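So you can see what is in the structure, the chains are spelled out below.
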Amino acid sequence: MPPTGFLRRALVAGATATLVFTGAGGAAAAPAHPAAAAAPAATAHTAPSPYGTHSPYAQLRPLAALSAERLATGDLVAAAKWGTGSPIDDPAREQMVLDSAAEQARQWGADPEATVRIFRDQIEANKVVQRGLFRKWQADPSQAPAERPDLGKVREKINRLNGELVRAVAASPRARSAPYCGPVLTGAAVLVRQERHLDALHTVALARALRSVCGAG
């Protein structure tokens, strides 16, 4: 498992290089490919990798990109809850997400326990965003959202992203368990941060979301 602090520092610093390994058992260092850096943010997780679909980078990048996309829903959830008295922590909803992730993992041939660990981090990262926005809006009410999104529709989007994340987990067991997972994942996350122009809050949350990706079965 890569140290969360290292991943966070790399993201905040805006590092531009990643270690890319190719071939079975082989390793080579290479700079981030410009085609990857130029991929549109909205389709970052579906953009073809310049390193081949079976490379560690190609397996880990979708996890970073989908995590960032899922974090964006935290803004919508926060706006939906703001001013309603609804708590950020929602144990019942969180357990439903974890149970669904475990079931989908079994269907896709992924390790349910590893998948649940990753999803716990996804949930906590989403709450990092919500808490950060609540603090911001409390300090300056003029920045609070003027409209309240439909939480039900937001959760439909989250459910769709959850399914994509489970499939990305199922497609990446070798890369996630490899010793080079940390630097490759960090490089992918740095590029995703740049593509999506993440601010400090969402950058820290992205590091939190990816904490259990490496070392997972």
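Please refer to the structure placed before this passage.
**Comments concerning the environment of Pro145**
If you trace the backbone, Pro145 turns up in the loop between helix H5 (112-139) and helix H6 (151-170). Residues Pro145 and Ala80, spaced 65 residues apart in sequence, show a C-alpha to C-alpha distance of 8.9 Å. If we skip the residues at most four places from it in the chain, Pro145 touches Ala79, Trp82 and Trp137.

**Topic: the nonpolar core**
Ranked by internal contacts, the top residues of the largest apolar core, which has 49 residues, are Leu60, Leu63, Phe119, Trp137, Leu206, Leu210 and Val213. For this core, the secondary-structure elements that each account for two or more residues are helix H3 (56-81), helix H4 (91-108), H5, H6, helix H8 (181-196) and helix H9 (200-209). Sequence-distant contacts of Leu63, that is, excluding residues within four places in its chain, are made with Leu165, Ala168, Val169, Ser172, Arg176, Leu210 and Val213.

**Regarding the packing of H5 against H6**
Here H5 crosses H6 at 135°, and the two axes come no closer than 11 Å. When the axes of H5 and H6 are compared, the pair comes out oblique. The two elements H5 and H6 meet at a crossing, and its hand is right-handed. Where H5 approaches H6, its residues Thr115, Ile118, Phe119 and Gln122 are matched on the opposing element by Asn162, Leu165, Val166 and Val169.

**Quick notes on the pattern of salt bridges**
This model, assessed by the stated rule, comprises 11 salt bridges. Salt-bridge contacts for Glu103 lead to Arg106; the nearest nitrogen and oxygen are separated by 3.3 Å. With Glu103 and Arg106 both in helix H4 and three residues apart, this pair spans about one turn of that helix. The class of Glu103 is partly exposed, set by a relative accessible area of 36%.

Reading the values: the criteria
- Residues numbered from 1 in each chain as written.
- Predicted model: local features only at pLDDT ≥ 70, side-chain atom pairs only at ≥ 80, totals over all residues.
- Heavy atoms only, no water.
- Helix = DSSP H or I, 4+ residues; strand = E, 2+ residues; numbered from the N terminus.
- Contact = heavy atoms within 4.5 Å.
- Core = buried A, V, L, I, M, F, W, Y, C linked by side-chain atoms within 4.5 Å.
- Buried < 20%, exposed > 50% of the residue type's maximum accessible area, 1.4 Å probe, protein only.
- Axes fitted to C-alpha atoms, helices over the stretch in contact; angles between N-to-C directions.
- Parallel < 35°, antiparallel > 145°, perpendicular 65-115°, else oblique.
- Left-handed = near helix turned anticlockwise from the far one by under 90°.
- Salt bridge = Lys/Arg side-chain N within 4 Å of Asp/Glu carboxyl O.

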